[in-house]
Number of protein chains: 2
Amino acid sequence: MIEVRPVLFIVGILLTTLAVAMVLPAVVDLAAGNPEWQVFLASAGLTMFVGIGLVLMTRSAEIVISVRQAFVLTTMSWVSLTMFAALPFTFTSLDLSYTDAFFEAMSGITTTGSTVIVGLDRAPPGILLWRALLQWLGGIGIVVMAVAVLPMLRVGGMQLFRTESSDRSEKVLPRATQIAGAIGSIYLLFTLVCAAAYWLAGMSGFDAVAHAMTTIATGGFSTSDQSLRSFDNPTVEWVAVTFMLLGSLPFVLYLQVARGRPMALFGDSQVRWFLGVVIVVAAIVALLFALSSDIATGRAIRLAVFNTISVITGTGYATAAFDNWGGFAVTIFFLAMFIGGCAGSTTCGIKIFRFQVLYATATSHMKRLLQPHGVFIPYYNRRPITDEVALSVMSFFFFYVFVFVVLAVLLGVLGLDFLTALSGAATAISNVGPGLGPIIGPEGTFSTLPSGAKWVLSAGMLLGRLELFTVLVMFAPAFWRA
Amino acid sequence: MIEVRPVLFIVGILLTTLAVAMVLPAVVDLAAGNPEWQVFLASAGLTMFVGIGLVLMTRSAEIVISVRQAFVLTTMSWVSLTMFAALPFTFTSLDLSYTDAFFEAMSGITTTGSTVIVGLDRAPPGILLWRALLQWLGGIGIVVMAVAVLPMLRVGGMQLFRTESSDRSEKVLPRATQIAGAIGSIYLLFTLVCAAAYWLAGMSGFDAVAHAMTTIATGGFSTSDQSLRSFDNPTVEWVAVTFMLLGSLPFVLYLQVARGRPMALFGDSQVRWFLGVVIVVAAIVALLFALSSDIATGRAIRLAVFNTISVITGTGYATAAFDNWGGFAVTIFFLAMFIGGCAGSTTCGIKIFRFQVLYATATSHMKRLLQPHGVFIPYYNRRPITDEVALSVMSFFFFYVFVFVVLAVLLGVLGLDFLTALSGAATAISNVGPGLGPIIGPEGTFSTLPSGAKWVLSAGMLLGRLELFTVLVMFAPAFWRA
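Conventions and cut-offs
Residues numbered from 1 in each chain as written. Chains lettered and ligands numbered in written order. Predicted model: local features only at pLDDT ≥ 70, side-chain atom pairs only at ≥ 80, totals over all residues. Heavy atoms only, no water. Helix = DSSP H or I, 4+ residues; strand = E, 2+ residues; numbered from the N terminus. Rg over C-alpha atoms; globule rule 2.2 N^0.38 Å. Buried < 20%, exposed > 50% of the residue type's maximum accessible area, 1.4 Å probe, protein only. Contact = heavy atoms within 4.5 Å. Areas by Shrake-Rupley, 256 points an atom, 1.4 Å probe, with all protein chains shown as cover. Lys, Arg positive; Asp, Glu negative; His and termini not counted. Charge placed at Lys NZ, Arg CZ, Asp CG, Glu CD. Domains from an automatic or database assignment. Buried area = accessible area lost by both parts, 1.4 Å probe. Least-squares fit on C-alpha atoms with pLDDT ≥ 70 in both. Core = buried A, V, L, I, M, F, W, Y, C linked by side-chain atoms within 4.5 Å. Phe/Tyr/Trp six-rings, centres within 6.5 Å; stacked < 30°, edge-to-face > 60°. Lys NZ or Arg CZ within 6 Å of the ring centre and 35° of its normal. Salt bridge = Lys/Arg side-chain N within 4 Å of Asp/Glu carboxyl O. Polar contact = N/O pair within 3.5 Å; in protein donor to acceptor, adjacent residues only side chain to side chain. Nonpolar A, V, L, I, M, F, W, Y, C, P; charged D, E, K, R; others polar. Disulfide = S-S within 2.5 Å. Expected span 1.5 Å × (residues − 1). Axes fitted to C-alpha atoms, helices over the stretch in contact; angles between N-to-C directions. Parallel < 35°, antiparallel > 145°, perpendicular 65-115°, else oblique.

J.: Can you explain the overall build of chain A? Please cite residues and give values.
T.: The helix and strand tally for chain A stands at 20 helices and two strands. Relative to the 2.2 N^0.38 estimate, which gives 23 Å for 482 residues, the radius of gyration of chain A is 22 Å and therefore close to what a compact globule would have. C-alpha extents for chain A along the principal axes are approximately 75 × 70 × 55 Å. Residues counted as buried form 64% of the 482 residues belonging to chain A. Of the contacts formed within chain A by residues at least 6 apart in sequence, a portion of 72% connects residues at least 24 apart. Surface summary for chain A: the accessible area is close to 17200 Å², and the carbon and sulfur share equals 69%. Counting 25 positive and 23 negative side-chain charges, chain A places the centres of these two groups 13 Å from one another.

What follows is the structure, given as C-alpha cells:
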C-alpha cells in the first residue's frame, strides 16, 4: 500500500494556491463591473475549503516522499488542480458543460491552448484572465517539475538532467522550493518584460499581460477568437516569437546566465540543436509557402515563420489558416507538432534532447553493424549516453508513438475524420493547441467535438504533459504491489 | 575500398536467373498470339547478356563475402534486378515511361502491389504473368534473405533469428543455397495448392496461377483493375485469406513442421501474437463497419475481415473502397499498414517480433522506474532480450518512423495532399500496395502522381523491403572508410 497522507498534504497546498489565484479574476471582474466576480469568489471558496481541509487532515511532522509517492503526487495534483480550475468555466455566463470546462482547464494547465470557447472577443475579462493564469501557472509548474521531480523519477531519459543533489529523494521538497524560487523569479521577469513589449507594440494593458502569460508558458490561449491575427501587427508577432523561443529553452540555463555565465545557454547542445531545427523548418515552410502562394513574399515569410515557430514550440497562436497552404504545409505542420522544445522548458512534445539521444544511439548502432566487435559510444552534450539512458529514451519514444496511435484510433472510432483524428491526437499529446483541418484547425475550435473525444483529448494532454511514464506507470500492476 | 568482384558475380547470376524468368511471359504471349512475346524475349536477351557478362568478368576460384560486401550485395542486387525487370513494362503496348516501369517493377519485386497500370483487364497475358512472377520471385527472395543473410548482418534485431551456423559469415553462400532449396520447395508447394484452390473456387487457370503467386508472396498484384472485387466470390476470398496468412508466418517453422514437429508453428510466440493481432483488429473493424454501414451484417463482416487481413499482411488486395467506411476505417487502416507479419515471411512492415521486443523492453524499463535497483529482464519467445538486441530493435523503430516522416514530407512538398502523402509513405515503406483516399486508394492507382513522387515511393519500397539499415548503412561515411 502507498501511504497517501503526504501526497494529499501537498495536493491540499496546491489547491489552496489555486484558490488564491482565483481571487485575481474575481478582482478584475469586480473592477470591470461584471457580476461574475461572484463565480470566481465562490469557486475560490470551495477550492480553498477542500485544499485547507486536506492540509489539516493530513499534516504531520515531516514530509518524506518516496519514488512511488512522487508518481502518485504528480498525476494526482495535475488532475485535481484541473478538476477545480474547471469550476469557474462551468458557472460563468459561458455556460459550458463540465466536460467542456474540464477540457478547457486541462488545456490551460497543461499549456496546450486548445479551446472550446467561441466568442472570446466578447467574453468578460475575468474568464480571459483565468485562462491566461492557468497557462502561466501550468508553465512554471512544469519547469519546476522537470528540474526537481522528473530527473529523480528517471522518466524518459530525464535522468540526464540530474544534479548531485537531486539524487537523494528525501531532498526533493526543499530543493523544489529553492529552485522554484530562483526559476520563478526569472519566469516572472520574462513575463513582465514580455508584457511591456506587447504593450509598447500597441496592445492594451490587459491584452499585453494576458498574452505575456500565455507566450512565456508556450500555451497559446488568446483574448480573441482570431488569436494574434486580430492584431495584425508585425511587432507583436516578433515579440511573440522572441518569448515563445525563450520559453522553449531550459530555464536552468537562465539561472547560470544570471550567475554570470552568459555562454551557458549557447554552449548547450540541446539549445543549439533546437534553434537549428527551428531555423531549418521555418526556412523550408517559408520557401515553399512563398513559392506557392499569391501573397507578397515578405508577408508570406512573416506568416510562415510565425506559425511554424508557434507550432514547433507547442504554443499554438495562429496568424493564418496555415492548414490551407497546401499538402506540404499540412504534412509538415502535423509532423512539426511532435518536435517540442528543450527539456526543462515550458514546452511539451518529444523534445530535442530525445531526438539527439535517439539519433546518436541509432547511428552508433549502425556503426556496430559494420564492425561487430568495435566499441561505439554515443554522446549527448559531450557526455557518453549509457545503455540505460538510451533504452529509457527509446522506451519513451515507443510509448509516445503508441499513445498517439491509441488516441488517434479512439478519436477515429468516435467518428472524427482522418485529419481531425490524427492532428487532434498529435496536438493533444504534444500540447500544441489547434489541430489541422476545418474543424479543429487554426480557424476552428474543439467545441463541436463529441464529449467522448474531449475526454480522450484531455487524457492525451495530461499524458503528454507528464511525460507519459509518470501516468502510465500507475497502470502497471507492479505499481500497486509491495 | 570494398572488393566488388564477388558482389558483381552474384548480381550477374541473379540477372541471368531473371532473364530466364522473362522467357515464361514470352512463351505465354506467343501461345496467346500476342506479338509482345518479342519484347519479353528481347528483354531476356539483354538481361542475360549483362548477367552472363558480369559472371564471366568477375568469376574467381572462391567466393567469400564479408559483412560489408553483403550490405552492398543486398542493395545492389535488388536495385539492378528492378532496373532490368522494368524493361518489359517500357516496351510493351502499355507504353509506360521508364519512371512508371521502374515503379511497377519495384512494386512487384518488393511484393508491394502498388500499380501505375490502368486497364489490367484488357492487358495481354504476358504482362500480367510478368507482374505476378516478379512478386513471386521477390517473395521467395525476401524469405531466403531474412533467413540466411539478415541475421548475419544483425539488422534491426534480426540477430534474434541467428542459428549456430549463420554466425560464420563464410558459410553464407552454401547455407543460403541449402535453405533456399528447402524453403523454395515449401513455397512452390503452397503456390500450387493455392492455385488449385483458386481454380476450384471458380477462377480461370491463368487467373488462379497469377493470383496464387501474388497471394503467397503477400504481394497483391491482380489481373484486374478491380482486384479481387472482380470475382465477388466468398470462396476465392477465403482462399486468399488463408494463403495471405500462410505467407505471413515464418517459413523456417514450416520446415520444422515438415520435419515432423507439427507444434513448432503454434509454439512460436511471434505466430501467436500475429494471429492475435489479426483477429483483434479484424474484429474491431468488422464490428465498427457492421454497426455503421447499411450493408447486410454478414457481407459487412466478410468485407471487413478480408480487407483488414489484406492490409495488415501488406498484401493489398481490395474487395471494397475501405477508405470510404468513415473516419475510424481510414485511421485504423492507415495504422494497420505499419504492423506487418512475422520475421522470415514474405511480409514487410515493422513486424510482430519487433513490437514484442519493444513492448517487453519498454515495460521492463517501466518496472525499473519503480524499483531503481531491481533487475528486470525482458523476454522474447522465452529467451532473455539482451541490451544489444533491444537497442537494435529500437534503433530500427526510430529509423522506421524517421524514414516514414521523410517520405511523407517529400511527398507533401511534391504537392500531394495530407492523406495521399501519409498513406503513400506508409504503403511504400511497409510494402502494402494501395494507399488511402481517392487518388491512390483501393479504387485508384499511382499513375497520376508526379514522377518525383514515384521515385520517392520506389525508394521507400526498397528501404522498407531491405529492413532500412541494409540500405542506410551505405550512407554512413564510416562504411566507405577502412
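J.: Tell me about the domain arrangement of chain A, and name the residues and values.
T.: Residues and elements named next belong to chain A. Assigned domains of chain A: these are domain 1 (269-336) and domain 2 (357-481). Between the C-alpha centres of domain 1 and domain 2 there is a distance of 22 Å. Contact with domain 1, which involves 15 residues of that partner, is made by 16 residues of domain 2. Summed over both sides, the interface of domain 1 with domain 2 buries roughly 1100 Å², with 66% coming from carbon and sulfur.

J.: Lay out the relation of the copies chain A and chain B with the relevant residues and their values.
T.: Once turned by 180° and shifted 0.0 Å along the axis, chain A lies on chain B with an RMSD of 0.0 Å. The two molecules are tied by a two-fold rotation axis, judged by turn and shift. Of all interface residues in chain A, 100% are interface residues in chain B too; the two copies therefore contact each other through one and the same surface.

J.: I'd like to hear about the nonpolar core, residue by residue, with values.
T.: Generally speaking, a soluble globular protein has its nonpolar side chains buried in company with each other. Grouped together as the largest cluster of nonpolar side chains are 363 residues, with contacts concentrated most on A:Trp325 and B:Trp325. Looking at which element gives the most residues to this core, the answer is helix α6 (residues 125-153) of chain A, with 20 residues.

J.: Please provide a residue-by-residue account of the packing of aromatic side chains, values included.
T.: In this structure the tally under the stated criterion is 63 aromatic pairs over all chains. Pairing A:Trp325 with A:Phe333 gives two aromatic rings, centres 6.0 Å apart and planes at 65°, and the pair type is edge-to-face. A relative accessible area of 11% places A:Trp325 in the buried class. Given a relative accessible area of 1%, A:Phe333 falls into the buried group. Taking 5.9 Å as the distance between ring centres and 50° as the angle between the ring planes, the aromatic pair formed by A:Phe418 and B:Phe418 counts as tilted. Taken as a pair, A:Phe418 in helix α17 (residues 418-429) and B:Phe418 in helix α18 (residues 418-429) lie in two separate chains rather than in one. Just as A:Phe418 is buried, B:Phe418 falls in that class too. The positively charged end of A:Arg131 is found above the aromatic ring belonging to A:Phe221, 3.9 Å away from the centroid.

J.: Lay out the interface of chain A and chain B with the relevant residues and their values.
T.: Of the residues lining the interface, 54 residues belong to chain A; the matching set on chain B comes to 54 residues. Buried area between chain A and chain B, both sides added, is near 4900 Å², and the carbon and sulfur share of it is 81%. Scanning the region where chain A abuts chain B turns up zero salt bridges. The interface formed by chain A and chain B holds six residue pairs in polar contact (both at pLDDT 80 or more) in total. If you list the elements that add at least two residues to the side of chain A that touches chain B, you get α3 (67-85), α14 (327-336), α15 (352-370), α16 (387-413), α17, α19 (469-472) and α20 (477-480) of chain A. Broken down by element, the side of chain A that touches chain B gets its largest block of residues, 15 residues, from α16(A). Counted by class, the side of chain A that touches chain B contains 39 nonpolar, ten polar and five charged residues.

J.: Which residues make up the pattern of salt bridges, and what values do they have?
T.: Residue and element names in this part refer to chain A. By the definition in use, this model includes 20 salt bridges over all chains. Here Asp232 makes a salt bridge to Arg302, at a shortest N to O gap of 3.1 Å. Residue Asp232 is located in the loop between α8 (205-216) and α9 (234-247), and its partner Arg302 is located in helix α13 (residues 297-312); the two are separated by 70 residues in the primary sequence. Among the residues examined, Arg302 registers a relative accessible area of 16% and is labelled buried. Three or more residues joined by partner-sharing salt bridges are found here, namely Asp232, Glu237, Arg299 and Arg302.

J.: Which residues make up the state of the cysteines, and what values do they have?
T.: The final tally for this structure, using the stated rule, is zero disulfides over all chains. Left without a disulfide partner, B:Cys342 is nearest to the cysteine sulfur of B:Cys348, which lies 13 Å away.

J.: Tell me about helix α13 (residues 269-292) of chain B, residues and numbers included.
T.: Residues and elements named next belong to chain B. An ideal rise of 1.5 Å per residue puts 34 Å on 24 residues; α13 measures up with 34 Å between its terminal C-alpha atoms. For α13, the set of buried residues is Ser269, Gln270, Val271, Phe274, Val278, Val281, Ala282, Val285, Ala286, Leu288, Phe289 and Ala290. Measuring from the backbone nitrogen of Gln270 back to the side-chain oxygen at the start of α13 gives 3.0 Å, which picks out Asp268 as the cap.

J.: Kindly report on the packing of helix α12 (residues 269-292) of chain A against α15(A), identifying the contributing residues and their values.
T.: Two measures define how a pair of helices packs: the angle their axes make with one another and the distance between the axes. All names here are of chain A. At a closest axis distance of 9 Å, the pairing of α12 and α15 adopts a crossing angle of 100°. Taken together, the axes of α12 and α15 lie roughly perpendicular to each other. Contacts between α12 and α15 involve Ser269, Gln270, Trp273, Phe274 and Val277 on the former and, on the latter, Ile352, Phe353 and Gln356. Residue composition of the contact of α12 with α15, grouped by class: five nonpolar, three polar and no charged.

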